[in-house]
Amino acid sequence: MNPLTLKAVTKRFNAACAVDHVDLSVPDGKLVCFLGPSGCGKTTLLRMIAGLEMPSAGNITFGGRDITHTPANRRDFGMVFQALALFPHMTVAQNIAYPLRLRKTGAAEQARRVTELLEMIQLPYMRDRPVTQLSGGQRQRVAIARAIASSPKLLLLDEPLSALDAKLREAMQVEIRLLQQRLGITTIMVTHDQREAMTMADEIVVMEKGRIAQVGKPLDIYRDPVSEFVADFIGLGNILPVSHDGQGQVTLPGGQRVAVANAASTGSQSGDIRLLIRPEDIHLKTFADGVGPNRLAGKITFIRDVGATLEATIDCAGFTLTAATTPRETPGLALGMPVLAELPAQACKLIAARAAH
Ligand code: ATP
């Protein structure tokens, strides 16, 4: 069952179209991320789902009921926004109990629920502390506890981790994801951070200029992007302009030819074509391994060795490639070293070029 459905949802601000005919179904109990660059309409779409913004056209249904014009406070959704808006003059417990007070929940039930939520966010001993005396991560957890206090059917998160430093942010991604899975609460989260979306989401909705560019499971989108925009936005990728002979081979900017597994199926594709290969799919070889098909001669021009992973930039005369490996897997790489970059045909994918602006 899909509890939330959007049909042709559109939002215009004067002449500008922030969200343009979005159709979407959000599966029950899943975490869905809206992902895209700044200004692509993620927040506007989330705010329409929340009831904080009215669509210019289209409709939104939840649990089979049309809620397009239902005010935010009657949707019973939990929300955590960028600016957390915890009440600074209240304690942790008072903040968490706030939505319960609004609903006139009895005092005993409020206390029971607050205790349960404090256990859940692992802050039981912080009950009576003013929220101003919490760390950023603790505040974040309190904001989430408050958002789920009244057992909302849908949890909406707008860049809830953007104010945190990188390490805490990664830890909170895991915490929120585990909590969401344990509670089975349908959740929509806005982020512009593709790594965050890949870590947390069951499904990613990639947005571009107010429209949905692609919807899918994180790895499916990573492995099988529908366009240059999506390929570029999700993960690191080598994206090269190529010409295509329709016979399973493409010609690279330096004149080299490589076989591509999906070349035949894109044979009739018109317009500009790009070759996508992810850095971890490129195998680095030496000339002692022998030249061969799909092995491109090049020279290492940069190495980023951070211990666990190693990225090498390779100048292939006409274009550069980034290959990802580990120092253990390919020891002895050095700047200026001639190498052969092997691009397995199965890992090469042809995609349509981004439309010119
Ligand atoms: P960011 O990641 O920067 O928050 P976003 O993808 O969430 O961006 P939105 O905030 O939804 O993008 O904005 C989409 C577009 O609509 C932008 O061009 C923005 O300037 C415009 N916009 C958003 N809110 C309003 C408003 N209240 N009035 C006029 N234009 C708006």
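Residues numbered from 1 in each chain as written. Predicted model: local features only at pLDDT ≥ 70, side-chain atom pairs only at ≥ 80, totals over all residues. Heavy atoms only, no water.

## Describing the sheet that holds strand β10 (residues 211-216)
Okay, step 1: With mixed pairing, the 6 strands of this open sheet are ordered in space as β6-β7-β8-β3-β9-β10. In this open sheet, the two edge strands, each paired with only one partner strand, are β6 (77-80) and β10. Strand-to-strand twist across the sheet, computed as the mean angle between neighbouring axes with direction ignored, equals 15°.
Okay, step 2: By the bridge criterion, 5 bridges tie strand β3 (residues 31-35) to strand β8 (residues 186-191) in an arrangement that is parallel. Bridge pairing in β8 places L31 opposite T187.
Okay, step 3: Its contacts with the sheet put helix α4 (residues 136-148) on β6 and β7 (154-158), and the angle it makes with β6 is roughly 165°. (Pairing = 2+ DSSP bridges. Helix = DSSP H or I, 4+ residues; strand = E, 2+ residues; numbered from the N terminus. Axes fitted to C-alpha atoms, helices over the stretch in contact; angles between N-to-C directions. Contact = heavy atoms within 4.5 Å.)

## Observations regarding the side chain of Q256
Okay, step 1: With respect to the helices and strands, Q256 occurs in the loop between β12 (249-251) and β13 (257-259).
Okay, step 2: Those residues in contact with Q256 that sit more than four places away from it in its chain are V250, T251, L296, C316, A317 and F319.

## Some words on the sheet that holds strand β1 (residues 4-13)
The strands making up a sheet associate through backbone hydrogen bonding, with each pair oriented either parallel or antiparallel.
Okay, step 1: The antiparallel open sheet is built from 4 strands, whose spatial order is β2-β1-β4-β5. Each edge of the open sheet carries a strand with a single partner, namely β2 (16-26) and β5 (65-66).
Okay, step 2: Sheet analysis places β1 next to strand β4 (residues 57-62), joined by 5 bridges and oriented antiparallel. Paired with K7 across the strands is N59, a residue of β4.
Okay, step 3: Where helix α1 (residues 42-50) meets the sheet, it contacts β1, β2 and β4, and its direction lies at approximately 120° from that of β1.

## Here's the deal with the packing of helix α2 (residues 92-102) against helix α3 (residues 107-120)
Okay, step 1: Direction vectors running N to C along α2 and α3 enclose 125°, while the axes themselves pass 10 Å from each other. With respect to each other, α2 and α3 are oriented oblique. The element α2 and its partner α3 pack so that their crossing is right-handed. Across from V92, A93, I96, A97, L100 and R101 in α2, the residues of α3 making contact are Q110, R113, V114, L117 and L118.
Okay, step 2: Along the lines of polarity and charge, the residues of the contact of α2 with α3 split into 8 nonpolar, 1 polar and 2 charged. (Parallel < 35°, antiparallel > 145°, perpendicular 65-115°, else oblique. Left-handed = near helix turned anticlockwise from the far one by under 90°. Nonpolar A, V, L, I, M, F, W, Y, C, P; charged D, E, K, R; others polar.)

## A closer look at the nonpolar core
Okay, step 1: Counting 46 residues, the largest nonpolar core has V92, I96 and V142 as its most contacted members.
Okay, step 2: The contacts of V142, once residues within four sequence positions are left out, are L86, V92, N95, I96, I121, L123, V131 and L134.
Okay, step 3: In terms of nonpolar packing, the next biggest core, distinct from the first, is built from 27 residues, L284, V339, A341 and C348 among them. (Core = buried A, V, L, I, M, F, W, Y, C linked by side-chain atoms within 4.5 Å. Buried < 20%, exposed > 50% of the residue type's maximum accessible area, 1.4 Å probe, protein only.)

## Comments concerning the packing of aromatic side chains
Okay, step 1: All told, the structure shown has 3 aromatic pairs when counted by the stated rule.
Okay, step 2: Each ring, one from F229 and one from F233, has its centre 6.0 Å from the other, and the planes form 15°; the classification is stacked. Here F233 and F229 lie together in helix α8 (residues 228-233), a separation of 4 residues that amounts to about one turn. Side by side, F229 and F233 carry an identical accessibility label, which is buried. (Phe/Tyr/Trp six-rings, centres within 6.5 Å; stacked < 30°, edge-to-face > 60°.)

## Topic: the environment of A263
Okay, step 1: Along the chain, A263 turns up in the loop between β13 and β14 (273-277).
Okay, step 2: It is 7.8 Å that separates the C-alpha atoms of A263 and H244, two residues lying 19 residues apart in sequence.
Okay, step 3: Residue contacts for A263: discarding those within four places in its chain leaves H244, G248, Q249 and L350.

## Observations concerning the domain arrangement of the protein chain
Okay, step 1: Per the domain assignment, the segments making up the protein chain are domain 1 (4-223) and domain 2 (236-352).
Okay, step 2: Summarising the inter-unit geometry, the C-alpha centres of domain 1 and domain 2 are found 40 Å apart. (Domains from an automatic or database assignment.)

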